[in-house]
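# Descriptive structure summary
Okay, here's what each chain looks like letter by letter:
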Amino acid sequence: MIGRRLVLAGAGVLAAPRILRAQSPLRVGDQRGNARAVMEASGQLAGFGDRLAWSEFPAAAPLVEALNAGAIDTGLVGDAPFTFGAAAGVPIKAIAATRENRGGLAIIVPKESPVQSLADLKGKRIATGRGSIGHQVVLAALEATGLPLDAVQFVFLLPADAKAAYTSGAVEAWATWEPYVSQEEVLSGARIVVSGQGITPGLGFQAARTDAIAARRPELAEFVRRLAAARQWANANAPGYARTWSGLMNVPANVAQRWFERAQTRVVPIDDSVAVDEQKNIDLYTRARLVRQRIEARNLLDPSFNDAVAAGLRGA
């Protein structure tokens, strides 16, 4: 009997770390001014925020690296870096999708630049992030205009360095996303040469590690439910949210309002249309030889959180 008690006691001690891990915060990666800002402004962090541990990243690429390293459990990224990461073997699946208008994903040039079209950038340098949605829009634009995928010179940089190179004239153009596009348009008079509207899917993904999906399902479901509700609130209250966001981020409200009204970002379930559009993105990367093996989009998507997304959209 005593021996049995000792075995049970030992089992309890061994189980304790598992209990502690289950009670630890959900580790969420974010890019500046994205999920955390909209959830805070909409009130969706009330009663939930203390169960989250946020990490902020300058772009999607280092966020995906953190997912790969197991430093975070989940994070919101564009379809291009999600694809790039999954193809490289990062153990992630998409548990929800976002859709947005792609007018704010663009190749921009300074207002005094002589460049008027993508053809004018042949042989020129374009700054962007490797595997980013900025990279994606250049590849898609080249294909759409019948130019070879090596018609331009890519200079792969994170956003802060890309902006510095663009501002100094070290590159002729910058392929970037929001809020950088609206910021450059409003504050510096930048011109859009090509946008992603009509040539890119306009997808983003709430990516989660597969081990987190297995171990943290209730928290992940609550997160996507609240994020869906927050995005719906933001689209219905764009001017007010722009004022709140500008205060949080120290960016002029007219920059934020241009971004929000143009993008109309919304959280959507993982459905057949998402799978079709993600496959288009995978195929674009395959043609560009950035993805070397055959990947099926459906193998990267987890629709089991669709009910949580639907609940958020209903305001439940």
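These figures come from a predicted structure and were not determined experimentally.

Attention now goes to the environment of D73. Considering the arrangement of structural elements, one finds D73 in the loop between α3 (60-69) and β3 (74-78). Linking D73 and N306, residues 233 residues apart in sequence, is a C-alpha distance of 19 Å. Residue contacts for D73: discarding those within four places in its chain leaves P25, L26, R27, L67, A207, A208, R209, A212 and R216. Among the polar contacts listed, one links the side chain of D73 to the side chain of R27, at a separation of 2.8 Å.

Our next topic: the packing of aromatic side chains. Under the defined criterion, the tally for this structure stands at twelve aromatic pairs. Both rings, one in Y166 and one in W174, keep their centres 5.6 Å apart while their planes meet at 50°; by these two values the pair is tilted. Residue Y166 shares its accessibility class with W174, and that shared class is buried. Here W233 and Y241 contribute two aromatic rings whose centre-to-centre distance is 5.7 Å and whose plane-to-plane angle is 70°, an arrangement assigned as edge-to-face. Classification of Y241 as buried rests on a relative accessible area of 0%.

Before going further, it helps to examine the sheet that holds strand β2 (residues 52-57). The strand order across the open sheet built from six strands is β2-β1-β3-β10-β4-β11, with neighbouring strands paired in mixed fashion. Whereas interior strands pair on both sides, the edge strands pair on one side only; in this sheet they are β2 and β11 (266-268). Going from strand to strand, the sheet's axes swing by 30° on average, the running direction of each strand aside. Direction of pairing for strand β1 (residues 26-31) relative to β3: parallel, over a ladder of two bridges. Each bridged residue has a counterpart across the sheet, and for V28 the counterpart in β3 is T74.

Conventions adopted
Residues numbered from 1 in each chain as written. Predicted model: local features only at pLDDT ≥ 70, side-chain atom pairs only at ≥ 80, totals over all residues. Heavy atoms only, no water. Helix = DSSP H or I, 4+ residues; strand = E, 2+ residues; numbered from the N terminus. Contact = heavy atoms within 4.5 Å. Polar contact = N/O pair within 3.5 Å; in protein donor to acceptor, adjacent residues only side chain to side chain. Phe/Tyr/Trp six-rings, centres within 6.5 Å; stacked < 30°, edge-to-face > 60°. Buried < 20%, exposed > 50% of the residue type's maximum accessible area, 1.4 Å probe, protein only. Pairing = 2+ DSSP bridges. Axes fitted to C-alpha atoms, helices over the stretch in contact; angles between N-to-C directions.

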